[in-house]
Amino acid sequence: MSDRPIRVEIVIAADLETVWRLTQEPSLHTRWDARFSRITPIESAPGDDAPCRFRYERGMLGLTIRGTGIALGTREGAGGARTSALRFTTDDRRSPLRDGRGYWRYEPVEGGTRFITGFDYAPGWGALLDRAVRPVVAWLTAASFARLRRWAERDEPPERWPVWRALLDPRRDRPRASDCVWSIGRPHAMTDAPRTLAALAAP
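Residues numbered from 1 in each chain as written. Predicted model: local features only at pLDDT ≥ 70, side-chain atom pairs only at ≥ 80, totals over all residues. Heavy atoms only, no water.

What am I meant to see in the overall build of the protein here?
Each helix and strand in the protein was counted, giving five helices and eight strands. Element order for the protein, N to C, with α for helix and β for strand: β-α-α-β-β-β-β-β-β-α-α-β-α. Rg of the C-alpha trace for the protein: 16 Å, near the compact-globule value of 17 Å for 203 residues, within the 12% margin. Dimensions of the protein, computed from the C-alpha atoms along their principal axes, are close to 45 × 40 × 35 Å. (Helix = DSSP H or I, 4+ residues; strand = E, 2+ residues; numbered from the N terminus. Rg over C-alpha atoms; globule rule 2.2 N^0.38 Å.)

Next up, the structure:
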């Protein structure tokens, strides 16, 4: 891992169950999260709160990056909060992200749900180039969270807001990365990570 974890936070005016469903079901997750083109579960343990292994794809500059991951969602926590831990990896040398780990945290708040992620990864293109790559990854995460919020709050399909529109569309009423609070390299980025993340097996 690096010493520059990414953290993104947004408050969504929707109940926790809705946000959980839109983020935990792979077919729905890939509709709003521009970091993934496809997620295919390949193995899950029986019972609730069990780890799920999956394959993922990301189209990038005409290429398709493929990797594997493992995720574990926990439905109950203090104050009604929920968490989801994740590890991922790829051996594709074209990928700017190699081994990584992160979490999602769902906190019920007045009027909705606070949705938080913190994650870090080993740079695939070296530390120097990662100085340019990491802000793009952080921005892409925040723009994706903004699309998720529109979907959960207004039932607007994420496909209505491709990433380029989040960057170039001149209209003020559009999802944008600035709808979120986000940072790179802050020490607190991983403080909300669940204990299950440290114990999660390699994908």
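What should I look at first to understand the side chain of Glu57 in this one?
The residue Glu57 is located in strand β3 (residues 52-60) in this model. A polar side-chain atom of Glu57 sits 3.4 Å from a polar atom in the side chain of Arg66. Setting aside its immediate chain neighbours within four residues, Glu57 contacts Phe36, Ser37, Arg38, Thr64, Ile65 and Arg66. (Polar contact = N/O pair within 3.5 Å; in protein donor to acceptor, adjacent residues only side chain to side chain. Contact = heavy atoms within 4.5 Å.)

Before we go on, may I ask you to explain the packing of aromatic side chains in this structure?
Aromatic rings considered in pairs are described by the distance between their centres and by the relative angle of their planes. Using the criterion set out here, one finds nine aromatic pairs in the structure. On the basis of an interplanar angle of 55° and a centroid distance of 4.9 Å, the ring pair of Trp20 and Tyr106 is categorised as tilted. Pair noted here: Trp20 is in helix α1 (residues 16-24) and Tyr106 is in strand β6 (residues 97-109), with a separation of 86 residues, a long-range link. The two residues Trp20 and Tyr106 agree in class, both being buried. With a centroid separation of 4.6 Å and an interplanar angle of 20°, the aromatic rings of Phe115 and Phe145 are classed as stacked. Of this pair, Phe115 sits in strand β7 (residues 112-123) while Phe145 sits in helix α3 (residues 127-154), and the two are 30 residues apart along the sequence. Phe145 shares its class with Phe115; the two are buried. In textbook terms, an aromatic cluster arises when at least three aromatic residues are bridged by ring pairs, as seen for Trp20, Trp32, Trp104, Tyr106, Phe115 and Phe145. (Phe/Tyr/Trp six-rings, centres within 6.5 Å; stacked < 30°, edge-to-face > 60°. Buried < 20%, exposed > 50% of the residue type's maximum accessible area, 1.4 Å probe, protein only.)

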